[in-house]
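Here is what each chain is made of, one letter per residue.
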Amino acid sequence: MNKSPNWRETIITAVIRTCGYSAVVFVILIFFFLLREGVPALAEVKLGDLLTTRWYPIENHFGILPLLTGSLVVTLGAMLIAIPFGIGTAVFLAEIAPRWLREILKPLVELLGGLPSVVLGFLGILLLSPFLRVFLNLPTGLTALAGALLLGGIAVPTTVSIAEDALDSVPQSYREGALALGATKWQTIWRVTLPAARSGVLTALMLGIGRTIGETMAVMMVTGNAPVMADKLTSILSPVRTMTATIAAEMGEVANGSTHYHVLFFIGLVLFLISLVVNILASTVIFRSRKRAERVLS
Amino acid sequence: MKRGFTLDRFVIERLGVALITLTAVLTVVPIIGVFGYIIARGAPAISWEFLTAMPRDGMRAGGILPAIVGTFYLTLGTALFSVPLGIAAAIYLAEYARENWVTRLIRIAIINLAGIPSVVYGLFGLGLFVLFLKFGTSLLSASLTLSIMTLPVIISAAEEALRAVPQSFRTVSISLGGTRWQTVRRIVLPQALPGIITGIILGLERAAGETAPILFTGAAFFLPRLPNSPLDATMALPYHLFVISTQVPEMSIQIQYGTALVLIIFVLGMNLIATVIRSRARAKRQW
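Quantities reported herein were computed from a predicted structural model and do not represent experimental measurements.

## Digging into the domain arrangement of chain B
All names here are of chain B. Along its sequence, chain B is organised into domain 1 (2-45) and domain 2 (50-284). One C-alpha centre belongs to domain 1, the other to domain 2; they are set 34 Å apart. Listed per partner, the contact involves seven residues of domain 1 and eight residues of domain 2.

The following block contains the structure:
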């Protein structure tokens, strides 16, 4: 009598289970296709040649170091913006701002996170880079600095949102205890609340930075796209080119299966592995804090 | 002496709070400035013709209809693939799976999927959909690529919504003889629906604004007609904004700002709908 519903139940369970595994399947598929198209690059270009400082694909120079350093300098610049402004704003929202102000400002900051990066890049071309050129008296405003400023703007909403959640979940009794012992509000923030929310704030920063490494369009539009080594302090004021921008700018024009094509996939593979490391690190920070919370509760 | 000490402490407090407030002001003011400026500069460009006409004169005149329709189709195509898959995966994680190493692996995969750079999704879409499966540069390839990118957002949001439904609902349903699927289908899913829809819209919002994943999988530089089939390439708002702001010389500034404004309205409009659904569902919730 129950035969047909049981059959249905078994099939549905199987379908749902399969869908549940889909995320794992896709990560493996992505990795596989990057390997399949990217690893031939190592056969066609010697590893030693990949690690040189000249990126000039038309003459078969595939040194990816200028692109690596380009990504690095833009990301570091973005971190210098995202850390103070992201954490500062999160602390302001969670600890200082009155409730009504927080209810307005937090969605506003998160709205910036929803802004397509191509729009930020667009404003970067029309407003930010002319301003930088005049203000800093540079030959061009399309520089690593412009990219870093935009990426900071992209990292800040992620950082603020997650760090504010972390600060907000610190029990009120911690703050009350500190204040009762005579600490000022500032001492409470600096010595009690922030350390208590440390792992959440760290996760917020890592996820913010994770977004900046992979960001493509805004960076491609404002960094000037010159694949030169960013090895000096002044590199921040000159054009650079990131790994992501190189893929986006050149993939449309290469012949499928050419060396250039394989090298671009190889760069994609490098980006994939970087994001894998960043995200696994960030998630272990999350897990560690959860375990600590469980210990405290038990 | 003692007085000096307390004074210091409060001076530091004042300075610290002022500094934090300053960083918040410096963060918030540019955000308001960005939105205000685009609205002010873009609004004069918006007209009936701009929204409903084909681009003319090498995109320097006319409207942006194919880009608007293209982004709409891409968003719809993305939803078609990512919504059923994402909800099913969330149901598995929230209702069926036990906490073991497989579940942990799935969670790590979801976190990583969310963190993969968008341009790498573009490469993957090119490798798998465009070349290996031979879908070509098409609406289909681009939608599939965007779906995989959207999947982690939908799974996480839907799982959270499902887990928020009180356990007692399930217990009662099972005790009345409901099977697990009947419980999920008739009891848990309807209760979690507003939360799931919010998550879906927020995921699709990201897909609608993305450029890098569709660069080599489906976006057309200039195509003054609407796509007829899923195997056609298509124009799209974000890619169109990129093209007219970097690739077309002597481009009218007004059309650029107008396109940026339409894109923002499209994306933030979805955001607004999600917010409204969420707050209305919270007000109506019975638990």
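Back to the text.
## Here's the deal with the environment of Met221(A)
Structurally, the position occupied by Met221(A) is in helix α12 (residues 217-222). The exposure class of Met221(A) is buried, given the 29 C-beta atoms found within 10 Å. For the pair Met221(A) and Ser283(A), spaced 62 residues apart in the sequence, the C-alpha separation amounts to 31 Å. For Met221(A), the residues in contact, after removing those within four places along its chain, are Gly121(A), Gly124(A), Ile125(A) and Thr246(B).

## Some thoughts on the nonpolar core
Counting residues in hydrophobic clusters, the biggest one holds 175 residues, and the most contacted among them are Ala23(A) and Val119(A). Inspection of this core shows a minimum of three residues originating in each of domain 1 (2-45) and domain 2 (50-284) of chain B. Apart from residues lying up to four places away in sequence, Val119(A) is in contact with Leu241(B), Ala260(B), Leu263(B) and Ile264(B).

## So, the interface of chain A and chain B
On the chain B side, the residues contacting the 67 residues of chain A number 67 residues. Element by element, the count of residues in the side of chain A that touches chain B is highest for helix α2 (residues 22-38) of chain A, at eleven residues. Of the residues belonging to the side of chain A that touches chain B, the class tally is 45 nonpolar, 17 polar and five charged.

## A short note on helix α10 (residues 185-196) of chain A
All names here are of chain A. Listed in full, the buried residues belonging to α10 are Trp186, Thr188, Ile189, Thr193 and Leu194. Projected onto a plane normal to the axis of α10, the buried residues spread over an arc of 135 degrees and lie on a single side. Counted as exposed and oriented over 90 degrees from the buried face of α10: Arg191 and Pro195.

About the cut-offs
- Residues numbered from 1 in each chain as written.
- Chains lettered and ligands numbered in written order.
- Predicted model: local features only at pLDDT ≥ 70, side-chain atom pairs only at ≥ 80, totals over all residues.
- Domains from an automatic or database assignment.
- Contact = placed C-beta atoms within 7 Å.
- Helix = DSSP H or I, 4+ residues; strand = E, 2+ residues; numbered from the N terminus.
- Buried ≥ 20, exposed ≤ 12 C-beta atoms within 10 Å, placed from the backbone.
- Core = buried A, V, L, I, M, F, W, Y, C linked by C-beta atoms within 7 Å.
- Nonpolar A, V, L, I, M, F, W, Y, C, P; charged D, E, K, R; others polar.
- Arc of directions from axis to C-beta.

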